[in-house]
Amino acid sequence: MPSIDLTGKVAVVTGSGRGLGLAYAHALAAHGASVVVNDVDEAVAEAAVKSITEAGGTAVAEVVPVGTSEAAERLVNRAVEEFGRLDILVTNAGILRDKVLWKMTDDDFDAVVTTHLKGTFTCARAAAVRMREQGEGGTLVLVGSPAGQRGNFGQTNYAAAKAGIAAMARTWSMELGRAGITVNAIVPVAATAMTETIPAFAPYIEAMRNGDPLPDFLRKGEGFGTPEDCAAVVPFLASEAARGITGQAIGIGGDKVALWSHPQEIRAAYADGGWTPDTLADAFPTSVGAELQTVGIPAPKLPEA
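The shown structure was predicted, so the numbers you read here are calculated from the model rather than taken from an experiment.

What follows concerns the packing of aromatic side chains. Counting across every chain of the model gives one aromatic pair. Aromatic side chains Tyr204 and Phe217 sit 5.3 Å apart centroid to centroid with 80 degrees between the ring planes, which places their arrangement in the edge-to-face category. Here Tyr204 is found in helix H7 (residues 202-209), whereas its partner Phe217 is found in helix H8 (residues 216-221), with 13 residues between them in sequence.

Structure below.
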């Protein structure tokens, strides 16, 4: 297998001031890429750049909220101005505005969709234009979520945006294939500010912060670990070792890596001349409805006390 060497490559990582985004930026820099760090908080962005450069990497900060075309152009232009090119885009920026459907406001919905879904679109479009002009291929890594794969209570906006991101990865992998640009979604699961609010995980995350390792039932059984555990997939997908991988949704967390299936038909039934409400009511329970699909992120399987 080719070695993971990204020397000479240039990456933009949105929302990379902290958490998973910072881990992705560090991983890319550790493998030789120059990185444009993005955050809405200048102090956070500069601290992230400092941590990367102190570790021997190369990085600059671009402080702008992701979502608009103007923000996307700023990020791509910063990469080109500082480092001469753009090879890798990681669309990690995101926010949460969790509420159940009947309490969610237009602003709650629009804010999350603008950052996650539109921000992914605008940044990917700007990056694709630049990569196609360069004529040397490239890598788009779109950050999804289990909520987008299965839905999650109280996350209409977030789940919809993340499901859309996975769909865009499949679509763009077809559109950009001829240009040598791979497009994949990743589905990370890690101890972050978002997941520490889950009661089942909270005590283990607190123990981890005090120096205790996460137990195997979390790292293996739940595929749950640190942001750094998730970061390995990003330089891998950006490398020559992954040139044949595109249009996929790849889950990673803890000690686990997985491939998510694409939505597909699982059962079918047929009626000569088509269906009526009555024939559907009669046949559905014993044909296509015999094994209805579950929804939601499965509850963690905790060891018995």
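Structure's up, so let's keep going.
On to a nonpolar patch on the surface, then. There is a patch of nonpolar side chains on the surface, built from Trp275, Leu280, Phe284 and Leu292 and spanning about 400 Å² of accessible area. Mapping Leu280 onto the fold places it in helix H11 (residues 277-283).

Running from N to C, helix H3 (residues 69-83) and helix H4 (residues 106-134) point in directions that differ by 40 degrees, and their axes come no closer than 8 Å. In terms of orientation, H3 and H4 fall into the oblique class. In this structure, H3 meets H4 at a crossing whose hand is right-handed. From H3, Ser69, Ala72, Glu73, Leu75, Val76 and Val80 reach across to H4, where they touch Thr122, Cys123, Arg125, Ala126, Ala127 and Arg130. Classifying every residue of the contact of H3 with H4 gives seven nonpolar, two polar and three charged.

Before going further, it helps to examine the pattern of salt bridges. Counting across every chain of the model gives 11 salt bridges. Glu62 is the partner of Arg74 in a salt bridge, and the nearest nitrogen-oxygen pair spans 2.9 Å. One end of the pair, Arg74, is in helix H3; the other, Glu62, is in strand E3 (residues 58-63), and 12 residues separate them in sequence. The partly exposed category is assigned to Arg74, whose relative accessible area is 40%. Given a relative accessible area of 10%, Glu62 falls into the buried group. Among the salt bridges present, the one from Asp229 reaches Arg219, with a minimum N-O distance of 2.8 Å. In this pair, Asp229 is assigned in helix H9 (residues 227-231) and Arg219 in helix H8, connecting sequence segments 10 residues apart.

Rules of the game
- Residues numbered from 1 in each chain as written.
- Predicted model: local features only at pLDDT ≥ 70, side-chain atom pairs only at ≥ 80, totals over all residues.
- Heavy atoms only, no water.
- Phe/Tyr/Trp six-rings, centres within 6.5 Å; stacked < 30°, edge-to-face > 60°.
- Helix = DSSP H or I, 4+ residues; strand = E, 2+ residues; numbered from the N terminus.
- Patch = residues over 30% accessible without salt bridge, like charges linked within 9 Å, V, L, I, M, F, W, Y side chains within 5 Å.
- Areas by Shrake-Rupley, 256 points an atom, 1.4 Å probe, with all protein chains shown as cover.
- Salt bridge = Lys/Arg side-chain N within 4 Å of Asp/Glu carboxyl O.
- Axes fitted to C-alpha atoms, helices over the stretch in contact; angles between N-to-C directions.
- Parallel < 35°, antiparallel > 145°, perpendicular 65-115°, else oblique.
- Left-handed = near helix turned anticlockwise from the far one by under 90°.
- Contact = heavy atoms within 4.5 Å.
- Nonpolar A, V, L, I, M, F, W, Y, C, P; charged D, E, K, R; others polar.
- Buried < 20%, exposed > 50% of the residue type's maximum accessible area, 1.4 Å probe, protein only.

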